[in-house]
Amino acid sequence: MSKILIPVDFSDNSNNAIHYACQIAQLGGQELDLVHVFSSHSNTYLNVKGETALNDPRVPEAEQNMAKTISQIQQEFLNIKVNGHFKEGNLYDEIKALTNSIAYDAVVMGTQGASGLDAVFIGSNTYDTILNTTTPVLAVPESATEYKKNNVALLCNFKEAELVALEQAIPLFETDYRLILIHVNTSDKPIKDIDEQFKEWINKIESELGISDISYIIKPQALFMRQKETIAQAISSVLLDEQVDILILTKSKKSVFRQLTEANVIKKLAFNIQIPTFFARVLK
């Protein structure tokens, strides 16, 4: 059975990510692994579970919260199997260890606040997980309470990694959605040339992945207050105009995601994505 891994801290945005993942699993049949990581540098949890007479209030509280969370899931989503796990250490390291040992369809992580992915990158552990994990990561902002996949967008530079990203997303989203390919024309290439690229690219996606409802948008970098908008601003405007439900990003060296992170755009809070975003696995 395929699985989804969800790091949990029992906060509102963590619970929202769990609920979102449950909606995916209800349709896709995945089993859910919830993991709570104690961040202390001592082996507190392991000591408490052993014979040592320690009394750390975090442990019984976390166990109660985990049991309550699993009970709520089983009451609302009757056919989903849920497992609870506890780990001690660094969030990124523990997620990496779990994903290295188990083939998860994705890691689903909640983001803090209404600013979507901006909040993801405030925490270095989460940023490292997205950038370096060998498993796809689905970041779910607090505002995304209902799982919808009517319109799924892919940032497109006509790279092979984008096909791999779409393939990796199939276990979660399948192929029954409208795929919107978004290309930001940063080099002012002639539109007719890009149109030809899109025709070939769409045929390739249809034949290799079975996605049939595909459209594309060529976005110029418009001027605002006499300055050219950033790639992030151009993307955000398209996502809003097209009412995109889910965004798919690749993390290969030549991807738009890499351009954004290397330009420090996201950490400057300029990439205000407020929709669930699927970060494909790093390519070797």
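Residues numbered from 1 in each chain as written. Predicted model: local features only at pLDDT ≥ 70, side-chain atom pairs only at ≥ 80, totals over all residues. Heavy atoms only, no water.

### Remarks on the nonpolar core
Here comes step 1: Counting 55 residues, the largest nonpolar core has Phe173, Leu181 and Ile205 as its most contacted members.
Here comes step 2: Excluding its chain neighbours within four sequence positions, the residues that come into contact with Phe173 are Ile24, Leu138, Tyr147, Lys149, Ile246 and Phe278.
Here comes step 3: Of all hydrophobic cores here, the second largest spans 27 residues; its members include Leu5, Ala153, Ile217 and Leu247. (Core = buried A, V, L, I, M, F, W, Y, C linked by side-chain atoms within 4.5 Å. Buried < 20%, exposed > 50% of the residue type's maximum accessible area, 1.4 Å probe, protein only. Contact = heavy atoms within 4.5 Å.)

### Considering the pairing of strand E4 (residues 104–110)
Here comes step 1: In terms of burial, E4 is largely enclosed, as 6 of its 7 residues are buried.
Here comes step 2: Across 3 bridges, the pairing between strand E1 (residues 3–7) and E4 is parallel. From the neighbouring strand, Leu5 faces E4, where its bridge partner is Val107. (Helix = DSSP H or I, 4+ residues; strand = E, 2+ residues; numbered from the N terminus. Pairing = 2+ DSSP bridges.)

### So, the packing of aromatic side chains
Here comes step 1: This structure, assessed with the given rule, holds 7 aromatic pairs.
Here comes step 2: When the ring of Phe158 is compared with that of Phe198, the centres are 4.8 Å apart and the planes differ by 70°; the resulting orientation is edge-to-face. Separated by 40 residues along the polypeptide, Phe158 in the loop between strand E6 (151–155) and helix H7 (160–173) and Phe198 in helix H8 (residues 191–209) bring together distant segments of the chain.
Here comes step 3: Here Phe158 falls in the buried class, since its relative accessible area comes to 15%.
Here comes step 4: Plain terms: the ring middles of Phe158 and Trp201 are 6.2 Å apart, the flat faces sit at 80° to each other, and that makes the pair edge-to-face. Of this pair, Phe158 sits in the loop between E6 and H7 while Trp201 sits in helix H8, and the two are 43 residues apart along the sequence.
Here comes step 5: Here the aromatic residues Tyr20, Tyr147, Phe173 and Phe278 are joined through ring pairs into a cluster of three or more. (Phe/Tyr/Trp six-rings, centres within 6.5 Å; stacked < 30°, edge-to-face > 60°.)

### Thoughts on helix H1 (residues 12–28)
Here comes step 1: With 17 residues, H1 extends 24 Å between its outermost C-alpha atoms, agreeing within 8% with the 24 Å of an ideal straight helix rising 1.5 Å per residue.
Here comes step 2: What H1 keeps buried is the set Asn13, Ser14, Asn16, Ala17, Ile18, Tyr20, Ala21, Cys22, Gln23, Ile24 and Ala25.
Here comes step 3: Phi turns positive one or two residues past the end of H1, at Gly29, with a value near 80°. (Expected span 1.5 Å × (residues − 1).)

### Considering the confidence of the model for the chain
Here comes step 1: Of the residues in the chain, 76% have a pLDDT of 70 or more, and the chain-wide mean is 82.
Here comes step 2: Between residues 113–122, whose pLDDT stays under 50, and residues either more than four places distant or in other chains, the model counts 32 contacts.
Here comes step 3: The low-confidence segment residues 263–271 (pLDDT under 50) makes 21 contacts with residues lying over four places distant or belonging to another chain. (pLDDT = per-residue confidence, 0-100.)

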